[in-house]
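# Observations on the three-dimensional arrangement
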Amino acid sequence: STNISKVLTAKDYTVSQNIFEIWQCAHCSLRFTQDVPAANEIGKYYKSEDYISHTESSRGIINALYLQVRKFTLRSKKNFVEEYVGNNNRTLLDVGAGTGAFVHFMQKYGWKAEGLGPDENAISRASSVYGIRLRPSSELFRLTSHSFDAVTLWHVLEHVHDLHNYMAQLKKLLNKDGALFIAVPNYT
């Protein structure tokens, strides 16, 4: 719809200190960041020791709580995925894998799990913390079609710039009976 309007402004306190406008569609109530940084500029917004999904830092109360809650959410995600695709010799791709916590967790339970991530430092931490090899996000379009039973995007889709091509590729990667799992922020 073209019936959109500004709802609020939000400040990036973590890295840039920039202010972003959040707009809303009057028809469906979807909210979105207006004037998103370009794909070739977005990486700098994730370069912070305070960006927990890329650092594994337990520094501070929020990070320590996040790491404790994550133990519960990893199991919940695993159970949710297995409810839909089973758990016998299954393949999984975690897109936006951060430091690889979910990939590692699924591997511990027998999954052939792989992960992609946009940040070189997070990929390096996956190797040092969990002993796993994540691939750069740029390899998404080089993966073999129909090779995954499950593809997960846990709070990743809202970071995607080329949505239509991205979704088409994710669909290609799934096996015939595969499932795509997407979690996005919900302000309500």
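Quantities reported herein were computed from a predicted structural model and do not represent experimental measurements.

### A few points about the environment of R135
- Among the secondary structure elements, R135 is positioned in strand β6 (residues 135-136).
- When the C-alpha atoms of R135 and I123 are compared, they prove to be 7.2 Å apart, with 12 residues separating the residues in sequence.
- The residues touching R135, leaving out its near neighbours within four places in the chain, are E114, G115, L116, G117, I123 and L143.
- Side-chain polar atoms of R135 contact the side chain of E139, separated by 3.5 Å.

### Quick notes on a nonpolar patch on the surface
- A cluster of nonpolar side chains, L180, I182 and V184, forms an exposed patch at the surface whose accessible area comes to about 200 Å².
- Looking at the secondary structure, you find L180 in strand β8 (residues 174-183).
- Residue classification places L180 among the partly exposed positions, given a relative accessible area of 30%.

### Description of the sheet that holds strand β1 (residues 4-11)
- Spatial strand order, β1-β2-β3: 3 strands in an open sheet with antiparallel pairing. A strand with exactly one partner marks an edge of an open sheet, and here the two such strands are β1 and β3 (31-34). Across this sheet, the average inter-strand angle for adjacent strands is 35 degrees, counted without regard to direction.
- Examined bridge by bridge, strand β2 (residues 19-25) and β3 share 4 bridges and lie antiparallel to one another. Within β3, the residue paired with I22 across the bridge is T33.

### As for helix α4 (residues 163-173)
- Turning to α4, its buried residues are Y166, Q169, L170 and L173. One face of α4 carries all of its buried residues, which in axial projection span an arc of 100 degrees. α4 presents H164 and K171 as exposed residues on the side facing more than 90 degrees away from its buried surface.
- Buried residues in α4 make contact with β4 (91-95), β7 (148-154) and β8.

### Quick look at the sheet that holds β8
- Taken together, the 5 strands give an open sheet; going across it, the order is β6-β5-β4-β7-β8, and neighbouring strands pair in parallel fashion. Two strands in the sheet have a free side with no partner beyond their single neighbour: β6 and β8.
- In the sheet, β4 pairs with strand β5 (residues 112-117) via 5 bridges, with the strands oriented parallel. Bridging from a neighbouring strand, T91 pairs with K112 of β5.
- Contacts between α4 and the sheet are confined to β4, β7 and β8, with β8 contributing the most and set at about 135 degrees to the helix.

### Structural notes on the packing of aromatic side chains
- As enumerated under the stated definition, the model contains 5 aromatic pairs in all.
- Seen in terms of ring centroids, F102 and W154 are 5.7 Å apart; in terms of plane orientation they differ by 90 degrees. Their pairing is edge-to-face. In this pair, F102 sits in helix α2 (residues 101-108) while W154 sits in strand β7, placing the two residues 52 residues apart along the sequence.
- Note that K78 overlies the ring of Y109, its terminal NZ or CZ placed 4.6 Å from the centroid.

### Some words on the environment of G117
- By the secondary structure assignment, G117 is in strand β5.
- Look at G117 and you get buried, because its relative accessible area is 3%.
- For the pair G117 and A97, spaced 20 residues apart in the sequence, the C-alpha separation amounts to 5.3 Å.
- Ignoring any residue separated from it by four or fewer positions in sequence, one finds G117 in contact with A97, I123, R135, P136 and S137.

Rules used throughout
- Residues numbered from 1 in each chain as written.
- Predicted model: local features only at pLDDT ≥ 70, side-chain atom pairs only at ≥ 80, totals over all residues.
- Heavy atoms only, no water.
- Helix = DSSP H or I, 4+ residues; strand = E, 2+ residues; numbered from the N terminus.
- Contact = heavy atoms within 4.5 Å.
- Polar contact = N/O pair within 3.5 Å; in protein donor to acceptor, adjacent residues only side chain to side chain.
- Patch = residues over 30% accessible without salt bridge, like charges linked within 9 Å, V, L, I, M, F, W, Y side chains within 5 Å.
- Areas by Shrake-Rupley, 256 points an atom, 1.4 Å probe, with all protein chains shown as cover.
- Salt bridge = Lys/Arg side-chain N within 4 Å of Asp/Glu carboxyl O.
- Buried < 20%, exposed > 50% of the residue type's maximum accessible area, 1.4 Å probe, protein only.
- Pairing = 2+ DSSP bridges.
- Axes fitted to C-alpha atoms, helices over the stretch in contact; angles between N-to-C directions.
- Arc of directions from axis to C-beta.
- Phe/Tyr/Trp six-rings, centres within 6.5 Å; stacked < 30°, edge-to-face > 60°.
- Lys NZ or Arg CZ within 6 Å of the ring centre and 35° of its normal.

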